[in-house]
Amino acid sequence: MTAEIIDITADHENAIARACAVLADGFPVAIPTETVYGLAADATNPAAIARIYETKGRPRFNPLICHMADVAMAERYAVFDPISRKLAAAFWPGPLTLILPLKPQSGIHSLATAGLDTVGIRLPKGFAADLISAFGKPLAAPSANTSGKVSPTSAKHVAEDLGGKLQLIIDGGAAPVGVESTIVRVEDGMIRLLRPGGVAAEEIEKATGLAVTRADGPSAIIEAPGMLASHYAPGAAVRLNAEHVESGEALIRLGSAPIKGIELAKEVFDLSPSGDLAQAAANLFDYLKRADATGAIRIAVTPIPDHGLGEAINDRLARAAAPRD
Ligand code: TXA
Ligand code: MG
C-alpha cells in the first residue's frame, strides 16, 4: 500500500470527505494538527484504535489523546471541574491536553483510554477541528510515527515513515508548534504537569493564578506511560549541552554564540538564530531528522534555556539522548 496524499490548500473539501470515508471504514488517517501530525482514528471504534497501535508498532496499549471539535463535544465525554474549565477557555483550541474523569457509557472505547477511568482530551486547531466536526465523533490520535521515533511535523515525515502502511495522509504544511501538547491534570485544586509541551507552564500559571506542580518520579511514568525514556530517538547518538563540536558530529544550536570546533561539524542546524524558543520548538523534530540524515556519528546539541517552551524542548531532547533498549 502507498498512502494517497491530499494537500488541504489545493482541495480542503475533498480532504475532509476522503478522510471521513477512511475513518468511517475503521482505518486511521494521518492528519495535520498545530503540534505534530497525528494518526487519527474513530475513538469509539475498537478495531480502528487497534489499527493505530498496529501501524505505530506500539508495544503496548498506552492511553491516547481524544481530540474534540468543540467544548460541547468534550463535555459529552468528560467531567469538567472549574479549573479545567478555565484552562479550556484559556487554551482551547490549542496545544493543551486535560486529563479528566470519563463519563460512564460515554462511547469512547476503553482501548483509547487503556481502561483508565480518565480520558485525555484536547481541541486541536485548523484542519483537525474541521475534520472532527465533519466526522461528528472524537478522534483518538497519537503522533503519526513508528513507536519510539521522532514525531512528524510534516506530511513528508509521515510518508517516509508510515507511507507504506497508511491509506491516506493529509498534508497541511509544517506543524506550527512543532512539539506535542502540554498534558495537565487538575487534582485537589492543583494543576499537575504530566508532560511539558506546546503551552508553557508559565502561561498556565498566568491564566489561572495557580502554581503548576511537576509530576516527577515513578508516578509520572505510570500516569503518562507514553513518556518513557528513549523516545523520540534518531538513529545517531545525541550529546546534550554541548559546548564544543567533535569531528564527525552534526550540530544543532540555538542562537549565534561562538562554539568551539564548529568548523568540524558535518552540518550545522540553528533552531532559531534569534534564540526564539517557539521557533526552536517548531524546528526541533525536523532538524533532529535532518541532522540524523547527514550520517553523523552523533548529534551535538547546545544548551537550551529551560523556561517557557524550552522545558518541552529539553524534555524531548533528554528522551532523544536517553540510552536505547
Ligand atoms: O500534541 C499532541 O498531544 C499529539 C497530537 C497528535 O495531538 N498527540 C500526542 O499523543 O502526543 P501521544 O499518544 O503521543 O501522547 C499521549 C500522551 C501519553 O503520554 C499518554 O500516556 C497520555 O497522553 N495520556 C493519554 N490519556 C491519558 C490518561 N487518561 N491519563 C494519563 N495520561 C494519559
Ligand atoms: Mg508520540
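Structure's up top.
The written sequence of each chain sets the order in which its residues are numbered from 1. Chains and ligands are labelled by the order in which they are written, letters from A for the one and numbers from 1 for the other. For a predicted model such as this one, the threshold for reporting local features is a pLDDT of at least 70, and the threshold for listing and counting side-chain atom pairs is 80 or more; totals across whole chains, interfaces and linings nevertheless cover every residue. Hydrogen atoms and water are omitted, and side-chain values are computed over all heavy atoms in the structure.

1. Considering empty space enclosed by the protein
Using a grid of 1 Å spacing that covers the protein atoms alone, one calls a set of points a cavity when a 1.4 Å probe fits there but cannot get out, and a pocket when the set is open and has protein on both sides within 12 Å along at least five of seven lines; lining residues are those with an atom within 4 Å of a point. Grid points are joined across faces, edges and corners, and a volume is the space filled by probe spheres set on the points. Considering all chains together, one arrives at 1 cavity of 30 Å³ or more under this definition. A volume near 40 Å³ is recorded for the largest cavity. Forming the boundary of the largest cavity are Thr182, Leu193, Pro196, Gly197, Val199, Ala200, Ala201, Gly308, Leu309, Glu311 and Ala312. Residue polarity is assigned by list, with Asp, Glu, Lys and Arg as charged and Ala, Val, Leu, Ile, Met, Phe, Trp, Tyr, Cys and Pro as nonpolar; anything else, Gly included, falls into the polar class. Tallied by class, the residues present in the lining of the largest cavity amount to 7 nonpolar, 3 polar and 1 charged.

2. Looking at the packing of aromatic side chains
Stacked, edge-to-face and tilted are the three classes for Phe, Tyr and Trp ring pairs, Trp counted by its six-membered ring, which pair at centre distances within 6.5 Å; planes under 30 degrees apart are stacked, over 60 edge-to-face, the rest tilted. Using the criterion set out here, one finds 2 aromatic pairs in the structure. When the ring of Phe80 is compared with that of Trp92, the centres are 6.0 Å apart and the planes differ by 85 degrees; the resulting orientation is edge-to-face. One end of the pair, Phe80, is in the loop between α3 (71–77) and α4 (82–91); the other, Trp92, is in the loop between α4 and β5 (96–101), and 12 residues separate them in sequence. Look at Phe269 and Tyr287: their rings are 5.8 Å apart centre to centre, the planes differ by 45 degrees, and that puts the pair in the tilted class. Taken as a pair, Phe269 in strand β14 (residues 268–270) and Tyr287 in helix α10 (residues 277–293) lie far apart in primary sequence, 18 residues in all. For the pair Phe269 and Tyr287, a shared accessibility class is recorded, and that class is buried. Any Lys NZ or Arg CZ found within 6 Å of a ring centre and within 35 degrees of that ring's normal is scored as a charge over the ring. Above the ring of Phe27, the side-chain terminus of Arg51 is found at 4.1 Å from the ring centroid. Counting from the N terminus, the helices are DSSP H or I runs at least four residues long and the strands are E runs at least two residues long. Note on exposure labels: buried denotes an accessible area under 20% of the residue type's maximum, exposed denotes more than 50%, and partly exposed covers the range between, all computed with a 1.4 Å probe on protein chains only.

3. Some remarks on the sheet that holds strand β12 (residues 237–239)
Pairing between sheet strands relies on hydrogen bonds along the backbone, with the strands arranged either parallel or antiparallel. The strand order across the open sheet built from 4 strands is β12-β15-β13-β14, with neighbouring strands paired in parallel fashion. Lying at the two open borders of the sheet, with one neighbouring strand each, are β12 and β14. The mean inter-strand angle of the sheet, taken between neighbouring strand axes irrespective of direction, is 20 degrees. Two strands pair when backbone bridges link them, and strand β13 (residues 249–253) and strand β15 (residues 298–301) are joined in this way by 4 bridges, in the parallel orientation. Counterpart to Glu249 in the pairing with β15 is Arg298. Two strands are said to pair when DSSP picks up at least two bridges between them. Axis definition: a line fitted to C-alpha atoms, limited for helices to the stretch in contact. Angles are taken between N-to-C directions and run from 0 to 180 degrees.

4. Quick look at the environment of Val22
With respect to the helices and strands, Val22 occurs in helix α1 (residues 8–24). Along the backbone, Val22 and Ala41 are 19 residues apart, and their C-alpha atoms lie at a distance of 9.0 Å. What makes two residues a contact is simply this: any of their non-hydrogen atoms within 4.5 Å. Beyond its immediate sequence surroundings of up to four residues, Val22 is in contact with Phe27, Pro28, Val29, Gln167 and Leu168.

5. Details of unusual backbone geometry
The amide bond that connects Trp92 to the next residue, Pro93, takes the cis arrangement and shows omega of -10 degrees. In this fold, Pro93 is placed in the loop between α4 and β5. Located in the positive-phi region is Ala114, a residue other than glycine, with phi close to 55 degrees. One non-glycine residue, Asp188, lies in positive phi territory at about 50 degrees. As for its placement among the helices and strands, Asp188 is situated in the loop between β9 (182–187) and β10 (190–195). Judged by its relative accessible area of 80%, Asp188 is exposed.

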